[in-house]
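An overview of the molecular structure
Listed below are the residues making up each chain.
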Amino acid sequence: MQLNVKNLESTDIYKIVSNTVTPRPIAWVSTISKEKILNLAPFSYFTPLSSNPATFLISVGHKPNGLPKDTLKNLRETKKCSIVIATTEQLKDMHNSSSPLEFNQSEFEEFNIKTTLINSNYPEVPTDSKVVFFCEYLQEINLKNSKTIPVIVELKEMFIDDELFTNKENLKIEFINQIARVGAKYFKLGEELEIV
Ligand SMILES: Cc1cc2nc3c(=O)[nH]c(=O)nc-3n(C[C@H](O)[C@H](O)[C@H](O)COP(=O)(O)O)c2cc1C
């Protein structure tokens, strides 16, 4: 089948891309509002962008009422986020945190997700997080005709659980059991392939 994008709805594009450009990593993003409400939400239109400057890109849509999602509002206002790479043990909490709550409601409170303060300069994260990237808002990309806003955040500090290292001197990290997204489903990574 050959398809021309101009004849498709954006939901059709999403269906095809989200099931073929896979597995997508999930940025589980904790931010804090000016009013000090802690917010948590997953984003799978997420990718590492560059190692120098160390940056990630998160594509943030809008709420059905057209307002920016809380994550974007907070990033614009308080400039910081903690990105957790969610593991399979955190699947339920991660999924729950995608619920569209009111701005003044915290997903942490609503879903009883326990928090840990790992770095006092950045928002708290769910307890037992194994990998956390502490980032600052850098810039937004003005994507012509798009309702989705690609946001670039710069990695400033990070936390890697000691147990993940197989060799600390070489920064060699073991497989971390992270959740992958394919379409709207969740998977865990499978076998390693060897070139024979
Ligand atoms: C696994 C997963 C991945 C998601 N990825 C994105 C994404 O890349 N961009 C986006 O705008 N929304 C994405 N969503 C939806 C948001 O998580 C959802 O709109 C959430 O309510 C936003 O929360 P906030 O308003 O607190 O920022 C995703 C949802 C799930 C479950």
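On a predicted model such as this, the values are computed, not experimentally measured, just so you know. (Residues numbered from 1 in each chain as written. Predicted model: local features only at pLDDT ≥ 70, side-chain atom pairs only at ≥ 80, totals over all residues. Heavy atoms only, no water.)

**Concerning the environment of glutamine 178**
What counts is decided by this rule: Each helix is a run of DSSP H or I of at least 4 residues and each strand a run of E of at least 2, with the numbering of both proceeding from the N terminus. We call two residues in contact when some of their heavy atoms are within 4.5 Å.
By secondary structure assignment, the location of glutamine 178 is in the loop between β12 (172-173) and β13 (179-182). Distance in space between the C-alpha atoms of glutamine 178 and serine 33 is 27 Å, their sequence separation being 145 residues. Non-local contacts of glutamine 178, meaning those with residues more than four positions away in its chain, are made with Ile85, Ala86, Thr87, Phe187, Lys188 and Leu189.

**Regarding the pairing of strand β14 (residues 185-188)**
Formally: At least two bridges found by DSSP between two strands is the condition for calling them paired.
Here four bridges tie β13 to β14, and the two strands are oriented antiparallel to one another. Each residue of the ladder has a partner; that of valine 182, found in β14, is lysine 185. What sits between the antiparallel neighbours β13 and β14 is a turn of two residues, in which glycine 183 has the positive phi angle 60°.

**Digging into helix α2 (residues 70-78)**
Operational definition: Each residue is placed in one exposure class: buried if its accessible area under a 1.4 Å probe, protein chains only, is under 20% of its type's maximum, exposed if it is over 50%, and partly exposed if it falls in between.
Looking only at α2, the buried set comprises Asp70, Thr71, Leu72, Asn74 and Leu75. On the buried face of α2, the contacting elements are β2 (27-32), β3 (38-43), β5 (54-60), β6 (80-85), β9 (131-140) and β10 (149-160). Looking one or two residues past α2, lysine 79 carries a phi angle of roughly 70°, positive in sign.

**A word on the pairing of β3**
With respect to burial, β3 is a largely interior element, six of its six residues being buried. The alternating pattern of β3 places Leu38, Leu40 and Pro42 on one face and Asn39, Ala41 and Phe43 on the opposite face, and all of these are buried. Inspection of the sheet shows β2 paired to β3 by six bridges, in the antiparallel sense. The residue of β3 that forms the bridge with alanine 27 is phenylalanine 43. Here β2 folds back onto β3, and the loop between the two strands holds five residues, one of which, lysine 36, carries a positive phi near 70°.

**Remarks on the site of the ligand**
Keep this limit in mind: Being near a molecule or strand, for a residue, means having at least one of its heavy atoms within 4 Å of it. Side-chain atoms alone can form a polar contact between residues adjacent in sequence; in general such a contact is a pair of N or O atoms within 3.5 Å, and within protein one must be able to donate a hydrogen while the other accepts it. Per-residue and other accessible areas follow the Shrake-Rupley method at a 1.4 Å probe size, with only the shown protein chains counted as cover for residues.
Around the ligand, the structure places 20 residues, and the nearest of them are Pro42, Tyr45, Gly61, Lys69 and Thr71. Interatomic distance of 2.8 Å between a side-chain N/O atom of asparagine 39 and an oxygen atom of the ligand. Serine 59 has a polar backbone atom sitting 2.8 Å from a nitrogen atom of the ligand. Notes on the ligand: free accessible area 640 Å², of which the protein chains cover 88%. When contributions to the shell around the ligand are tallied by element, the ones reaching two or more residues are β3, β5 and α2.

**With respect to the pattern of salt bridges**
What counts is decided by this rule: When a carboxyl oxygen of Asp or Glu is within 4 Å of a side-chain nitrogen of Lys or Arg, the pair counts as a salt bridge.
Across all of its chains, the model carries eight salt bridges by this definition. The closest approach of N and O atoms between lysine 130 and aspartate 161, which form a salt bridge, is 3.8 Å. Taken as a pair, lysine 130 in the loop between β8 (125-126) and β9 and aspartate 161 in the loop between β10 and β11 (165-167) lie far apart in primary sequence, 31 residues in all. Across this residue pair, the class does not change: lysine 130 and aspartate 161 are buried. Between glutamate 154 and lysine 156 there is a salt bridge, with its nearest N and O atoms 3.9 Å apart. One connected set of salt bridges, linked through shared partners, spans Lys130, Asp161 and Glu163.

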